[in-house]
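The residues making up each chain are set out below.
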Amino acid sequence: MRLLVVEDEPDLLRSMSQALREEGYAVDVAEDGEEGLHKARTWDYDAIVLDVMLPVMDGWNVLKRLREQKRTPVLLLTARDATADRVRGLDAGADDYLVKPFELDELFARLRALIRRTASVTTSVVEVGVVRLDLAARLVFSEGERVALTAREYALLEYLVLHRGEVVTRSALYDHLFDENDDSLSNLLDVHVSNLRKKLGPDLITTRRGHGYCIEV
Ligand code: CA
C-alpha cells in the first residue's frame, strides 16, 4: 500500500513516515498543501494522511480540489476539540479524521480500516485456501500455523488479497508498494513473490504471463 502524508511539522512528518514504512507501507511525503495536491493528483495512493493547517494551501482546499477529480481515501488530522473542523472535513469529503495529538497505533488502525473499506472487504480476516490473513493484526497463518513475513512480503500479499480475483499488473504493484525514494534493489518484485510462494505454497499466487499476478477467488 502506498500512502501520501501531508504535514508541515518536520518532527511529526518524520516520525509518522518512518513508523508507516516500518509497518510495510510505501510512503511519499509533502510539506505544504500545494505539493500535497500535486502528488495526490499525480499518483493513485491507497490513502492520504492530510493535516488541516498547512502552508501555501490549507488542507480544506487540498481536499476540495482533490475531490473534483479523485476519490482517494483521506484521513484528516485536525486540532484538538475543533468539532467544527471535523464536521467540515467530513462534509468536504474526508473519509475519517484523527485529532492531534494521537497515538501512532491509532493512526495505523484507522488507515487499515480505511483501506479495507475502500477495497470493499468487510471482515478483517480473509481466507485463501489454507492461508488465513488477519488484516487488522497483520498476521498470516497457513494451516493454522503462524507464518513470519517481512513487511514488504506482507504488503504484497495484502494488496493481492484486497484485489482478489483481479489480475494485478506489475506496474500497479510497483506503484502501490514502492515509494518515490525506493531504490531499484528493494524493487525486486519477483523475489518477494517467490518468497511468498516458498512460505505459503506454490499455488497461492498465480502468474499471468505478460499481465501480472492474481490470487484466484
Ligand atoms: Ca500543520
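Just so we're clear, the structure is a prediction, and the values are computed from it rather than from any experiment.

Draft legend 1. Seen up close, the sheet that holds strand 2 (residues 26-30). One open sheet holds the five strands; their spatial order is 2-1-3-4-5, and the pairing between them is parallel. Where the open sheet ends on each side, the last strands, each with one partner, are strand 2 and strand 5 (96-99). Averaged over all pairs of adjacent strands, the angle between strand axes in this sheet comes to 20°, irrespective of strand direction. Here helix 1 (residues 10-22) sits on the sheet and contacts strand 1 (2-6), strand 2, strand 3 (47-51) and strand 4 (74-78); the angle it forms with strand 2, its principal contact strand, is near 165°. Contacts from helix 4 (residues 83-91) reach strand 4 and strand 5 within the one sheet, and its direction differs from that of strand 5 by about 160°.

Draft legend 2. Structural detail: the coordination of the calcium ion. Protein coordination at the calcium ion comes from Asp8 (OD), Asp51 (OD) and Met53 (O), with a distance range of 2.1 to 2.3 Å. In terms of primary sequence, the donors binding the calcium ion are separated according to D-x42-D-x1-M. Placement of aspartate 8 in the loop between strand 1 and helix 1 and of aspartate 51 in strand 3 is noted, with a sequence separation of 43 residues between them.

Draft legend 3. Representation of the packing of aromatic side chains in the model. On inspection of all chains with the given rule, the structure shows one aromatic pair. Taken together, a centroid distance of 5.5 Å and an interplanar angle of 35° make the contact between tyrosine 174 and phenylalanine 178 tilted. Given the relative accessible area of 28%, tyrosine 174 is considered partly exposed. Residue placement shows arginine 132 over the ring face of phenylalanine 141; its charged tip is 4.6 Å from the ring centre.

Draft legend 4. Representation of the environment of leucine 156. You can see leucine 156 is positioned in helix 6 (residues 151-162). Through-space distance from the C-alpha of leucine 156 to that of aspartate 96 is 25 Å; in sequence the pair is 60 residues apart. Sequence-distant contacts of leucine 156, that is, excluding residues within four places in its chain, are made with Leu173, Leu177, Leu189, His192, Val193 and Leu196.

Draft legend 5. Seen up close, the packing of helix 6 against helix 8 (residues 189-200). The interhelical angle for the contact between helix 6 and helix 8, taken along N-to-C directions, is 85°, at an axis separation of 10 Å. Classed by the angle they form, the pair helix 6 and helix 8 counts as roughly perpendicular. Contacts from Arg152, Glu153, Leu156 and Leu157 of helix 6 reach helix 8 at Leu189, His192, Val193, Asn195, Leu196, Lys199 and Leu200.

Draft legend 6. Representation of the environment of valine 161. Its location among the elements puts valine 161 in helix 6. In this structure the C-alpha to C-alpha distance between valine 161 and valine 126, which are 35 residues apart in sequence, comes to 7.9 Å. With residues up to four places along the chain from it excluded, the contact list for valine 161 reads Val126, Val128, Leu133 and Ile215.

Draft legend 7. Region of the structure containing the domain arrangement of the chain. Domain boundaries assigned for the chain yield domain 1 (2-118) and domain 2 (125-214). Counting residues at the interface gives 17 residues for domain 1, matched by 13 residues for domain 2. Contact between domain 1 and domain 2 buries roughly 1300 Å² in total, counting both sides, with carbon and sulfur atoms accounting for 44%. Of all residues in domain 1, the largest losses of buried area upon contact with domain 2 belong to Arg2, Arg112 and Arg116, amounting jointly to 33% of the total for that side.

Draft legend 8. Inspection of the pattern of salt bridges at higher detail. Considering all chains together, one arrives at 16 salt bridges under this definition. Across the pair arginine 2 and aspartate 28 runs a salt bridge whose closest N-O atoms are separated by 2.6 Å. Linking arginine 2 in strand 1 with aspartate 28 in strand 2, this pair joins segments that are 26 residues apart in sequence. For the pair shown, arginine 2 and aspartate 28 are each scored as buried.

Draft legend 9. Just the pairing of strand 4, in detail. A large share of strand 4 lies buried, amounting to five of its five residues. What you see with strand 4 is no split at all: Val74, Leu76 and Thr78 on one side and Leu75 and Leu77 on the other are buried throughout. As paired elements, strand 3 and strand 4 share four bridges and run parallel to each other. Its bridge partner lying in strand 4, leucine 50 is registered against leucine 76. Note on the crossover from strand 3 through helix 3 (residues 59-67) to strand 4: the handedness is right-handed. Pairing between strand 4 and strand 5: four bridges, direction parallel. Bridge pairing in strand 5 links leucine 76 to tyrosine 97.

Calculation rules
The residue count restarts for each chain, going from 1 along the sequence in the order it is written. Only residues with pLDDT of 70 or above have their local features reported here, since the model is predicted, and side-chain atom pairs are shown and tallied only from 80 upward, although totals for entire chains, interfaces and linings are computed over all residues. Processing note: side-chain calculations cover all non-hydrogen atoms of the structure and skip hydrogens and water entirely. In this description, strands pair whenever DSSP reports at least two bridges between them. Helical segments are the DSSP runs of H or I of at least four residues, strand segments are the runs of E of at least two, and each set is numbered from the N terminus. Angles here are taken between N-to-C directions and fall from 0 to 180 degrees, while the axes themselves are lines fitted to C-alpha atoms, restricted in helices to the stretch in contact. Contact between two residues is taken to exist if any of their heavy atoms lie within 4.5 Å; hydrogens are not considered. Ligating atoms shown are N, O and S within 2.8 Å of the metal, or 3.2 Å for Na, K and Ca, and water is not included, meaning a site may look less than complete. Planes of paired rings set the category: under 30 degrees apart is stacked, over 60 is edge-to-face and the rest tilted, where pairs are Phe, Tyr or Trp rings (Trp by its six-membered ring) whose centres lie within 6.5 Å. Between buried and exposed lies partly exposed: a residue is buried under 20% and exposed over 50% of the maximum accessible area for its type, with that area taken using a 1.4 Å probe on protein chains only. Two thresholds decide whether a charge sits over a ring: the Lys NZ or Arg CZ must be within 6 Å of the ring centre and within 35 degrees of the ring normal. Note that the term roughly parallel is reserved for angles under 35 degrees, roughly antiparallel for angles over 145, roughly perpendicular for angles of 65 to 115, and oblique for everything else. Segmentation of the chain into domains, including their bounds, is taken from an automatic or database domain assignment. Buried area: the sum, over both parts, of the accessible surface (1.4 Å probe) that disappears when the two are put together. Any Lys or Arg side-chain nitrogen located within 4 Å of an Asp or Glu carboxyl oxygen qualifies as a salt bridge. Convention used here: a crossover is right-handed provided that the path from the first strand, over the helix, to the second strand proceeds clockwise when the strands point away from the viewer.

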